[in-house]
Amino acid sequence: MKKFIMLVPSTLKIYNASAGSGKTFFLVKNYLYLLLKSPHPEEFKRILAITFTNKASEEIKKRILQCIKEFSNQKIRKEYHFLFDHLTKNLKLTKDQLFERSKNILYAILDDFSSFSISTIDKFTYRTIRSFLYKKNINLEMDAKKFLWELVDKLLTHSEKWSHLLVQFSLEKLKEGKNWDISKEIFKIALLIVEENSFFPMKKIKRHSLDNWITLKNTLLNRTQEFEKMCQKQGEKFFEFLKKNSIQKHSFLYLDLPKLFQKLRIGDIFLNPFINNKRLEKNIQIEAFYKKNTDVNQKNLIEKNKEEILFLYKKTKFLYKKSISSYLLDKFFLKNLSFLSIIHEIEKEYQSLKEEKKILLNAELNQILYERILQDPFPYIYEKKGIQYKHYLIDEFQDISILQWENLRILVENALSENGSAMIVGDPKQSIYGWRGGDAKTFLHLIHYSSKYYHKEVVPIETNFRSFEEIVKFNNSLYQSASKFFQDPIYQDIYKKSKQKIFKKPGGYVELNFFRIEKKNYQQYVYNQIKEKIKKLFIQKYKLSDIAILVRSNEEGNFLSEKLMVDGFFVNTSVSLLIKNHLEIEIIIQFFYVIFKPYCSQKKATLILLLLKNKLIRTQKKDHDFLIETVFLPLNLFLKRLDFNNLLDNPSLYDRAENIISGLRLLNQYNTASICSFLDFVHRSMKIVGNSIGDFLEYWESKKEKESITFSEKIDAIRIMTIHKSKGLQFPVVILPFADWNAVSKRKEGAWIDISPHLYHGLETFYLDIEPDLKKHIEDSSLIKIYEDYFSKTRFDNLNLLYVATTRPVEHLIIFSRHGNDKSVSFYLKNFLHEKKLWNENIFQYSFGIEKIIK
């Protein structure tokens, strides 16, 4: 790979594409243009298309191959005419030339399919890393959290050198009145090692030795104690002053002033008492100190000493405000400091456990590649892998992480410097993967800032080819309205300019439903409404498979899936509908445990009670008596009593599972999916662990939290999925049942912040637990900026979720939300209706467009 020498740089094409604008078609069209432009049939080997999911990768591959296959035939189907004519015109080729090139390309791809490089970014990264790994017998571990919990367990139970430190940390937690169990704290710090969002800050953190941390901890303790003593001293001064001048604290108006100084005296200073007490501040300004019915003598004493009281109050307020923000930061840092100080030891154990298990974590691949690139002045690792790509096409760029882009950027810039090409497609409004490193600001930075390596051309793709007119108009108005609630001009601008052009024919229908109902009854109420909507849609000639229900969480999806299946609806769900939660599976597993542990009366009792409770076995005796006389029987007699004489005859796990299902008549129209999914799991597991019932049960326990029901795509069923899973998809009808998640996160979340090195012994960054409720107690501008940035980002993330959900439908969009919840995303819906002058407190349903006419 040559050094970057650019005389006439190429142009990086950036396509800002909104939802429904046909990004996949657009990418396919550009890929075909590059492919057919060259007279060489093996040009495909020099093109790399990057996507984010296997499904997207396979879809793009399939479309490209289908197009080339069609173009290589003399008779092209009608649906491919537009693309064929577009390419012949823009490539200035005759039809015969395009036929011939397509035929040669198709043969070339089939001859060397492995070089047909349309890949997810994770696969591309992994293949690159494998090319320079010295140890080839290393496996990829996808479940980072499972591995990290193993690491925590090892640290807590198998490491003698850690025992002293861990006991010390546990005692510190107890002193704070918190749970002594520190496993979650260690897990949180271990997670920072693999999280991409923490990669660059952690590099800085690791520069500090244990001695540095001890010095810093002592400094922070001294600073916080000094502030606490100052507050206590001011509180003591006030009450000593009252005593000296014979002033009774009960003489003060509302007792606000004595209460404030009492808080200072006892150290209740974390929540700013000066910010929260507006009544006191107002009375101080008008010098109203005492009640009207206060004793005259007390009034005179307060009036006589008023100036000194005011001076003491103002001085205390000045001293408090001067140092409170620094104090809060110091206290926050002390919470995590003990664990961060042993990050080197945690990482040693982390690396040791990986070597022991011979694995790499999928979550750390981008870090490994980035570090390797830094070792060389130019990326020879790519040359070693044999990468000679000249053209790059990157899809869903808003989801790319900083590290992923850094690893790709050097390739893109190199290609552009050598007259190659690169195109990027993305939509910042669909950035919903911040928790895994995706950040829309990477995309925005690319749009707004220039580069010395290439020119830039930013092209908006504004036409919505997906949704009917009323849905596009509704979304245009809704998100224009929502843009006004962003203080950050970058986020505001994204939604302010989100208006789309309409392509589809007139029509479409949007319905907003609001309910006044308690949260505990909300899900059931909404489900009842959804059920009626589905029946109505069915009458309107929609199929079940036309309907998609989008949810925020797996818990919501599980609730709706279970309810719909119980009511006889076929459901195809991608939410985590775990097999283990179904009664019939629990029964089969309990049978297996009884066979595996034939002398364990507890396992037998559990099985009997499960069968009796669900009326799957009948007995003339009382349940208690039947249990007592059955549970201690030898295994063969125990199974005979349950009418399973032949369960031990066939050693096959699969056959045994089938015998239990048929013997108890467990299979019915509502549980076919769960039983078939379990039998599929048994079949797969036998290839891995063999036919041993003990090995199977061990394997089941390790996998049961992830094994979910699988459904055939061919069945006519309602689809239920999380909003995250729905991205890139479209459905004739979308129901959004619980549009009331928080507009701004209320959870305590961690974030890396920049700090002043001279105040923190050279430390430039630190991990801060952001507690949203604390913002109202903060006055320091730098700390407020940290909180405002955090709130802007979470507001943007949560509005993006709403945007993704409301842009999935083609014809019908139905939304349900709780009435009056102004801190949730439903506030955007309500404000939109206000701006349209439609909102009425007594109206609970609003519609736009006309429903499909029922014939």
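Bringing the overall build of the chain into the picture now. On a plain count of helices and strands, the chain comes out with 34 helices and 19 strands. Counting only C-alpha atoms and orienting by the principal axes, one finds that the chain spans roughly 105 × 90 × 70 Å. When each of the 855 residues of the chain is scored for burial, the buried share is 51%. Summarising the internal contacts of the chain: among those between residues at least 6 apart in sequence, 78% fall at separations of at least 24. Put simply, the chain shows about 43,000 Å² of open surface, and 51% of that area lies on carbon and sulfur atoms. Side-chain charges of the chain comprise 137 positive and 102 negative groups, with the mean position of each set lying 3 Å from the other.

Here we take up the environment of Lys304. Mapping Lys304 onto the fold places it in helix α14 (residues 296-304). Taking C-alpha positions, Lys304 is 20 Å from Thr316, a pair spaced 12 residues apart along the chain.

Further remarks concern the packing of aromatic side chains. Counted under the stated rule, the structure contains 56 aromatic pairs. Consider the rings of Phe486 and Tyr491, whose centres lie 6.0 Å apart with planes at 50 degrees: the pair is tilted. Connected via pairs of aromatic rings, a cluster forms that spans Tyr479, Phe486, Tyr491, Tyr495, Phe796 and Tyr803. Across from the ring centre of Phe239, 4.0 Å away, lies the NZ or CZ of Arg265, which sits over that ring. Lying over the aromatic face of Tyr254, Arg279 brings its terminal NZ or CZ to 4.0 Å of the ring centre.

This paragraph deals with the sheet that holds strand β19 (residues 845-849). Read from one edge to the other, the open sheet built from 7 strands follows the order β13-β14-β12-β15-β18-β11-β19, with strand pairing classed as mixed. Across the chains shown, the open sheet's two edge strands, defined by having one partner strand only, are β13 (571-573) and β19. This sheet shows a mean twist of 15 degrees between the axes of neighbouring strands, independent of strand direction. Across 5 bridges, the pairing between strand β11 (residues 509-515) and β19 is antiparallel. Residue Tyr509 lies in a different strand from β19, and its bridge partner there is Gly849. Of the strands in this sheet, β12 (547-551), β15 (731-736) and β18 (809-818) are in contact with helix α33 (residues 781-806), which crosses β18 at around 140 degrees.

This brings us to the pattern of salt bridges. Evaluation of the coordinates by the stated rule reveals 42 salt bridges. Between Glu70 and Arg77 there is a salt bridge; the shortest N-O distance is 3.0 Å. Among the residues examined, Glu70 registers a relative accessible area of 6% and is labelled buried. Using a relative accessible area of 42% as the deciding quantity, one classes Arg77 as partly exposed.

On to the sheet that holds strand β1 (residues 11-17). Spatial ordering of the open sheet is given by β3-β2-β6-β7-β1-β8, a layout of 6 strands whose pairing is parallel. Looking along the sheet, the strands with just one partner apiece sit at the ends: β3 (118-120) and β8 (455-461). Between one strand and the next, the sheet's axes are offset by a mean angle of 15 degrees, whatever the strand orientation. As paired strands, strand β6 (residues 391-394) and strand β7 (residues 421-426) are joined by 4 bridges and run parallel to one another. Paired with Tyr392 across the strands is Ala422, a residue of β7. With respect to the sheet, helix α5 (residues 121-132) is in contact with β2 (47-51) and β3, its orientation differing from that of β3 by roughly 90 degrees. Here helix α20 (residues 440-448) sits on the sheet and contacts β1, β7 and β8; the angle it forms with β1, its principal contact strand, is near 130 degrees.

Here we come to the packing of helix α11 (residues 256-266) against helix α15 (residues 306-340). Between two packed helices, both the angle of their axes relative to each other and the distance between the axes serve to describe the pair. It is at 12 Å that the axes of α11 and α15 come closest, and there the two elements cross at 45 degrees. By the angle between their directions, the pair α11 and α15 is classed as oblique. Note that α11 runs across α15; the crossing there is left-handed. Where α11 abuts α15, its residues Leu257, Leu260, Phe261 and Leu264 lie against Ile309, Leu312, Tyr313, Thr316 and Tyr320. Of the residues that constitute the contact of α11 with α15, the class distribution is 8 nonpolar, 1 polar and no charged.

Buried within helix α3 (residues 81-91) are the following residues: Leu83, Phe84, Leu87, Thr88 and Leu91. Viewed end-on, α3 has its buried residues packed into an arc of 130 degrees, placing them on one side of the element. Residues of α3 that are exposed and angled more than 90 degrees away from the buried face: Phe82 and Lys89. Those residues of α3 hidden inside the fold are in contact with α1 (23-37), α2 (54-71) and α4 (95-111). Trailing α3 by a residue or two, Lys92 shows a phi angle of about 55 degrees, which is positive.

What follows concerns the confidence of the model for the chain. For the chain, the mean per-residue pLDDT works out to 86, and 93% of the residues sit at or above 70. Contacts of residues 1-7 to residues separated by more than four positions or lying in other chains number 18 contacts, the stretch itself having pLDDT below 50.

This part takes up the nonpolar core. Counting 80 residues, the largest nonpolar core has Leu148, Phe252, Leu257, Phe333 and Ile346 as the members making the most contacts within it. When residues in this core are grouped by element, the largest group, 15 residues, is from α15. Beyond its immediate stretch of four places on either side in the chain, Leu148 contacts Phe187, Ala190, Leu191, Val194 and Tyr350. Residues Ile595, Phe626, Leu639 and Phe681 belong to the second largest nonpolar core, which totals 45 residues.

Extensive coverage of β12 is indicated by the burial of 5 of its 5 residues. Neither face of β12 is exposed, since Ile547, Ile549 and Val551 on one face and Ala548 and Leu550 on the opposite face are all buried. Inspection of the sheet shows β12 paired to β15 by 3 bridges, in the parallel sense. Bridged to Ile547 within β15 is Val733.

On to the side chain of Ser817. With respect to the helices and strands, the residue Ser817 is situated in strand β18. A distance of 2.8 Å separates the side chain of Ser817 from the backbone oxygen of Ala739, its partner in a polar contact.

Of note in this structure, Lys358 is not a glycine but carries a positive phi near 55 degrees. Residue classification places Lys358 among the partly exposed positions, given a relative accessible area of 43%. The backbone of Arg665 shows a phi angle near 55 degrees, a positive value even though the residue is not glycine. With a relative accessible area of 75%, Arg665 lands in the exposed category.

Another point: the environment of Leu697. With respect to the helices, strands and loops of the structure, Leu697 is situated in helix α31 (residues 693-703). Considering only alpha carbons, one finds Leu697 and Ala108, 589 residues apart in sequence, at a separation of 48 Å. Ignoring sequence-local partners within four residues, the contact set of Leu697 consists of Ile589, Phe592, Tyr593 and Phe596.

Another aspect to go through is the packing of α2 against α4. Viewed as axis vectors pointing N to C, α2 and α4 meet at an angle of 135 degrees, and their least axial separation amounts to 8 Å. Regarding the angle of α2 to α4, the classification is oblique. Every pair of crossing elements has a handedness; the one defined by α2 and α4 is left-handed. Within the contact between the two elements, α2 uses Leu65, Ile68, Lys69 and Phe71 and α4 uses Leu98, Phe99, Ser102, Ile105, Leu106 and Ile109. A breakdown of the residues in the contact of α2 with α4 according to their chemical character gives 8 nonpolar, 1 polar and 1 charged.

So, how was this worked out
Residues numbered from 1 in each chain as written. Predicted model: local features only at pLDDT ≥ 70, side-chain atom pairs only at ≥ 80, totals over all residues. Heavy atoms only, no water. Helix = DSSP H or I, 4+ residues; strand = E, 2+ residues; numbered from the N terminus. Buried < 20%, exposed > 50% of the residue type's maximum accessible area, 1.4 Å probe, protein only. Contact = heavy atoms within 4.5 Å. Areas by Shrake-Rupley, 256 points an atom, 1.4 Å probe, with all protein chains shown as cover. Lys, Arg positive; Asp, Glu negative; His and termini not counted. Charge placed at Lys NZ, Arg CZ, Asp CG, Glu CD. Phe/Tyr/Trp six-rings, centres within 6.5 Å; stacked < 30°, edge-to-face > 60°. Lys NZ or Arg CZ within 6 Å of the ring centre and 35° of its normal. Pairing = 2+ DSSP bridges. Axes fitted to C-alpha atoms, helices over the stretch in contact; angles between N-to-C directions. Salt bridge = Lys/Arg side-chain N within 4 Å of Asp/Glu carboxyl O. Parallel < 35°, antiparallel > 145°, perpendicular 65-115°, else oblique. Left-handed = near helix turned anticlockwise from the far one by under 90°. Nonpolar A, V, L, I, M, F, W, Y, C, P; charged D, E, K, R; others polar. Arc of directions from axis to C-beta. pLDDT = per-residue confidence, 0-100. Core = buried A, V, L, I, M, F, W, Y, C linked by side-chain atoms within 4.5 Å. Polar contact = N/O pair within 3.5 Å; in protein donor to acceptor, adjacent residues only side chain to side chain.

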